[in-house]
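Structural features, examined
Residues per chain are reported as follows:
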Amino acid sequence: MPTVAIVYFSGTGHTHLMAEAIAEGAARVENTTVELLRITGEQIVNGRWKNDDVIEKLNQAHAIVFGSPTYMGGVAAQFKAFIDAASEIWFRQGWKDKIAGGFTHSSSPSGDKQGTLLYLATNAAQHSMIWVNVGDLQSSLYGKNDGVNRLGGFLGVMGASQLDTSGKKAVLDLGDYLTSLRFGERIAEATKRWFK
Ligand SMILES: Cc1cc2nc3c(=O)[nH]c(=O)nc-3n(C[C@H](O)[C@H](O)[C@H](O)COP(=O)(O)O)c2cc1C
């Protein structure tokens, strides 16, 4: 039974909503098990991230989807601490040939999200993982207005919402939700094919 793990950090909840949508999409694929694994700042002690339970679940997964908000054009420090801790696995190439993918959310339509996705793909390449891209054109190109891939990102899933400092509950754009959902399905299908 293929397992898709989604490991991510989210400060104010938008990246979390994307992670949930990817999980929902992946769970639509028959016989797929999904693990949602949220990295928190509290898991970092003296600058080092550590959580044996998360690492064990990632080691067992067939696919790992990496997600972080874009902070200053790259991954959030909390997520980078997790990536650095996983370098122990890189040494023995423990995630080699697992399926991988990535997603990010930021406040600006661009917000330099590409920097985050490039970094997530580079990290997956260092682990010798098999990167799966978005696989959807902007639906507006063929006359639809559901917002699928409205931001036109292909390396990984992009989401954007205007910065809201009022402390209100995070809301995900419908198009970004659908893009995440479809990506979840795509990565679960790819995982099934790869581990057939
Ligand atoms: C430290 C910091 C740096 C940020 N840098 C960027 C940025 O480079 N580009 C951008 O569009 N938004 C930036 N933002 C806004 C966040 O990307 C946005 O609030 C985040 O995607 C929300 O995701 P979350 O709700 O999962 O935390 C930044 C926010 C913080 C706190």
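Look up a bit, the structure's there.
This is a predicted model, so every value here is computed, not measured.

Overview of the overall build of the protein chain
Scanning the protein chain from N- to C-terminus turns up six helices and nine strands. Relative to a compact globule of 196 residues, whose C-alpha radius of gyration would be 16 Å, the protein chain shows 16 Å and is just as compact. Counting the 196 residues in the protein chain, one finds 47% classified as buried. For the protein chain, restricting intrachain contacts to residue pairs at least 6 apart in sequence, the fraction spanning at least 24 positions comes to 76%. When the accessible surface of the protein chain is summed, it comes to about 9,700 Å², and 51% of that surface belongs to carbon and sulfur atoms. Charge-centre separation for the protein chain: the mean point of 19 positive side chains lies 3 Å from the mean point of 19 negative side chains.

Here's the deal with the layout of surface pockets
Quantified by volume, the largest pocket comes out at close to 390 Å³. Lining the largest pocket are 21 residues, with T12, H14, H105, L163 and D164 sitting closest to its centre. Put simply, the parts of the chain that give the lining of the largest pocket at least two residues each are α1 (14–27), β5 (63–71) and β7 (99–106). Its residues assigned to classes, the lining of the largest pocket shows five nonpolar, 13 polar and three charged. In this structure, the second largest pocket occupies an estimated 290 Å³ of space. Lining the second largest pocket are 14 residues, with W49, K50, I55, A85 and E88 sitting closest to its centre. Among the elements of the structure, β4 (48–49), α2 (52–60), α3 (77–85) and α4 (87–91) are those that each provide at least two residues to the lining of the second largest pocket. Across the lining of the second largest pocket, the residue classes tally to five nonpolar, three polar and six charged.

Thoughts on the packing of α3 against helix α5 (residues 113–126)
In contact at an axis separation of 12 Å, α3 and α5 are set at 10° when each is read in the N-to-C sense. Of the possible angle classes, the one that applies to α3 and α5 is roughly parallel. In this structure, α3 contributes F79, K80 and I83 to the contact, and α5 contributes Y119, L120 and N123. Among the residues making up the contact of α3 with α5, the classes are represented as four nonpolar, one polar and one charged.

Conventions adopted
Residues numbered from 1 in each chain as written. Predicted model: local features only at pLDDT ≥ 70, side-chain atom pairs only at ≥ 80, totals over all residues. Heavy atoms only, no water. Helix = DSSP H or I, 4+ residues; strand = E, 2+ residues; numbered from the N terminus. Rg over C-alpha atoms; globule rule 2.2 N^0.38 Å. Buried < 20%, exposed > 50% of the residue type's maximum accessible area, 1.4 Å probe, protein only. Contact = heavy atoms within 4.5 Å. Areas by Shrake-Rupley, 256 points an atom, 1.4 Å probe, with all protein chains shown as cover. Lys, Arg positive; Asp, Glu negative; His and termini not counted. Charge placed at Lys NZ, Arg CZ, Asp CG, Glu CD. 1 Å grid on protein atoms, 1.4 Å probe; cavity = no way out; pocket = protein on both sides within 12 Å on 5 of 7 lines; lining within 4 Å. Points joined across faces, edges and corners; volume = space filled by probe spheres on them. Nonpolar A, V, L, I, M, F, W, Y, C, P; charged D, E, K, R; others polar. Axes fitted to C-alpha atoms, helices over the stretch in contact; angles between N-to-C directions. Parallel < 35°, antiparallel > 145°, perpendicular 65-115°, else oblique.

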